[in-house]
Amino acid sequence: MKRWGLYVPLVIFVAVAVLLWRGLSLDPNYMPSALENKPLPAFKLVTLDGNEVSQVDMTGDIAIVNVWATWCPSCHVEHAYLNELATRGVIIFGVNYKDDLPKARQWLAQRGDPYRFNIADEEGLFGLDLGVTGAPETYLIDANGVVRLRYQGPLSERVWQQEFAPRIAKLNGAAG
Amino acid sequence: MKRGLLIGMTLLWALSAVAVVDTWDFSSDALRTRYLEFTQILRCPKCQNQNLADSNAPIAEDLRKELYRLLEEGKTDADIIEFMVARYGDYVLYDPPLEKRTWVLWLTPAALLLVGLAVLVILVRTRASDASPADRGSNALSTTERQRLDALLNTDNTQE
């Protein structure tokens, strides 16, 4: 009976080791979006082209909403991949977040415009409603405009295959 | 004279340091106090462990601006917390609510404290019983053992 007690430190050690080992692979920056599984916030805003749009214009199909800005270094890296996604038929809406509008228009003219439209969010207030913490961020929305995923950081083929593709397949499966 | 100048410059420096965080023009001191409280208890969503007052991340600036606007609009504390949680989740609260998801977080310290107390009680009891072996028959020496012990002790004495 007394011998058994000798294993207590070992058990505690193993428990702590497992806990810390698990902690190594967690991303401390990961923050669950408060918007996940909730509809996009209602809005009525102006695009970079000067048209007025609302959340209704973003619903109807599975799409991604990409938050970007010309001042954001990762957005430079990401842009080429967004262009590629657009050629594959992915519907992309943009939120031009806290940016200089002429610069943003110039960016799209020079680098190609993968977006259906871009909300001009100069003050970052729509970004606040989305719970944006920085750029780039990308939201996956279903046909009803419900947010299914929020991804922080630049998109790439690896991220798309890991995070977005399985969820889109699931959404398509559920619909069909 | 020189010292006066130095003190004066130091004070000016201190004033500018305070002003970096707090540039809002509040309509009342009560609002300012609430603003300062909120910037202490709300966590910057971009930073791992900084509150809104500490962080100079752009998002923290924006949230401070929103906080100022909400306060001036006469929103209640509950409204403001709701506004922040609706956008950034419980992550922004340094005091997350007690719910199923946060049981571990809230109850682990209490559980560990109980475990610690239990260990302490066991240790103290064991010590107490070790200190008085005569109380427990099994630990007491039998007559023959006592004789052997005396013999050994006596041997040691003669050798000295």
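To be clear, the structure that these remarks concern was listed above.
All figures in this text were calculated on a predicted structure; none of them were measured in a lab. Position numbers for residues count from 1 along each chain, tracking the sequence in the order it is written. Starting at A for chains and at 1 for ligands, labels are handed out in the order in which the entities are written. Per-residue local features of the predicted model are confined to residues with pLDDT of at least 70, and side-chain atom pairs are confined, for both listing and counting, to 80 or more; whole-chain, interface and lining totals are unaffected and use all residues.

1. Digging into the overall build of chain A
- Secondary structure elements follow DSSP: runs of H or I no shorter than four residues count as helices, runs of E no shorter than two count as strands, and numbering proceeds from the N terminus. Each helix and strand in chain A was counted, giving five helices and seven strands.
- Tracing chain A from N to C terminus, the helices and strands come up as α-β-β-β-α-β-α-β-α-β-β-α.
- Relative to the 2.2 N^0.38 estimate, which gives 16 Å for 176 residues, the radius of gyration of chain A is 21 Å and therefore markedly larger than a compact globule would have.
- With respect to the principal axes defined by its C-alpha atoms, chain A has extents near 80 × 40 × 30 Å.
- Any residue surrounded by 20 or more other C-beta atoms within 10 Å of its C-beta is treated as buried, while 12 or fewer makes it exposed and the intermediate range makes it partly exposed; C-beta atoms here are placed from the backbone. By residue count, 31% of the 176 residues in chain A fall in the buried class.
- Excluding contacts between residues fewer than 6 apart, the proportion of contacts in chain A whose partners are at least 24 apart in sequence is 72%. Only the C-alpha atoms count toward the radius of gyration. The rule for a globule is 2.2 Å times the residue count to the power 0.38. Two residues qualify as being in contact provided that their C-beta atoms, derived from the backbone, are within 7 Å of each other.

2. Some thoughts on the overall build of chain B
- From N to C terminus, chain B includes six helices and zero strands.
- Ordered by position from the N terminus, the helices and strands of chain B form the series α-α-α-α-α-α.
- Restricting to contacts in chain B with at least 6 residues of sequence separation, those with at least 24 account for 36%.

3. A word on the interface of chain A and chain B
- Facing the eleven residues of chain A at the interface are twelve residues of chain B.
- Its residues placed into classes, the side of chain A that touches chain B shows five nonpolar, five polar and one charged. Gly is put with the polar residues, along with every residue not named as nonpolar or charged; the nonpolar set is Ala, Val, Leu, Ile, Met, Phe, Trp, Tyr, Cys and Pro, and the charged set is Asp, Glu, Lys and Arg.

4. Some words on unusual backbone geometry
Residue and element names in this part refer to chain A.
- Cis geometry is found at the peptide bond from A135 to P136, where omega equals -5°.
- In this fold, P136 is placed in the loop between α4 (125-130) and β6 (137-141).
- Phi is positive for N37, which is not a glycine, with a value near 65°.
- A residue is classified by how many C-beta atoms lie within 10 Å of it, and N37, with 10 of them, is exposed.
- With a phi close to 45°, K98 is a non-glycine residue in the positive phi region.
- Within the element layout of this structure, K98 appears in the loop between β4 (92-97) and α3 (101-111).

5. Thoughts on the sheet that holds strand β7 (residues 147-152) of chain A
Residues and elements named next belong to chain A.
- In this scheme, strands are said to pair when DSSP sees at least two bridges between them. With respect to topology, five strands assemble into an open sheet ordered β5-β4-β3-β6-β7, the strand pairing being mixed. The outermost strands of the open sheet, each flanked by one partner alone, are β5 (118-121) and β7. Each neighbouring strand pair of the sheet contributes to a mean axis angle of 15°, computed without reference to strand direction.
- Across five bridges, the pairing between strand β3 (residues 63-68) and β4 is parallel. Bridged to W68 within β4 is N96. Interaxial angles span 0 to 180 degrees and are taken between N-to-C directions of axes, which are lines fitted to C-alpha atoms, for helices over the stretch in contact.

6. Focus on helix α3 (residues 58-72) of chain B
Residue and element names in this part refer to chain B.
- Helices are assigned an expected span. That span is 1.5 Å times one less than the residue count. In this model α3 runs 21 Å from its N-terminal to its C-terminal C-alpha over 15 residues, within 8% of the 21 Å that 1.5 Å per residue would give.
- Next to the buried residues of α3 lie α2 (29-41) and α4 (77-88).
- G74, located one to two residues past α3, shows a positive phi value of around 85°.

7. Quick word on the pairing of β3 of chain A
Residue and element names in this part refer to chain A.
- The element β3 is largely enclosed, with a buried count of six among its six residues.
- With five bridges connecting them, β3 and β6 associate as antiparallel partners. Counted as the bridge partner of I64 is L140 from β6.

8. Describing the nonpolar core
- Any set of buried Ala, Val, Leu, Ile, Met, Phe, Trp, Tyr and Cys residues joined through C-beta atoms within 7 Å is what this text calls a nonpolar core. In terms of nonpolar packing, the biggest core is built from 45 residues, with A63, V65, Y97, Y139 and I141 of chain A touching the most fellow members.
- Those residues within four positions of I141 of chain A in sequence are excluded, and the remaining contacts are L40, M58, A63, V65, V146, V147 and R148 of chain A.

9. With respect to the environment of G74 of chain B
All names here are of chain B.
- Note on placement: G74 falls in the loop between α3 and α4.
- The exposure class of G74 is exposed, given the 9 C-beta atoms found within 10 Å.
- In sequence terms G74 and L31 are 43 residues apart; their C-alpha atoms lie 9.0 Å from each other.

10. Let's talk about the environment of G127 of chain A
Residue and element names in this part refer to chain A.
- By secondary structure assignment, the location of G127 is in helix α4.
- Here the alpha-carbon distance between G127 and F164, two residues 37 residues apart in the chain, equals 21 Å.
- G127 has contacts with V67, V95, Y97, K98, D121 and V132, leaving out every residue within four places of it along the chain.

11. Quick look at helix α2 (residues 73-87) of chain A
All names here are of chain A.
- The bend reported for a residue corresponds to the angle between axes fitted to the seven residues ending at that residue and the seven starting there. Of all the bends found along α2, the most pronounced is centred on H79 and spans about 35°.
- Among the residues of α2, C75, E78, H79 and L82 are the ones counted as buried.
- Looking at the buried side of α2, the elements it contacts are β3, β4 and α3.
- Just downstream of α2 lies G89, where phi reads positive at about 95°.

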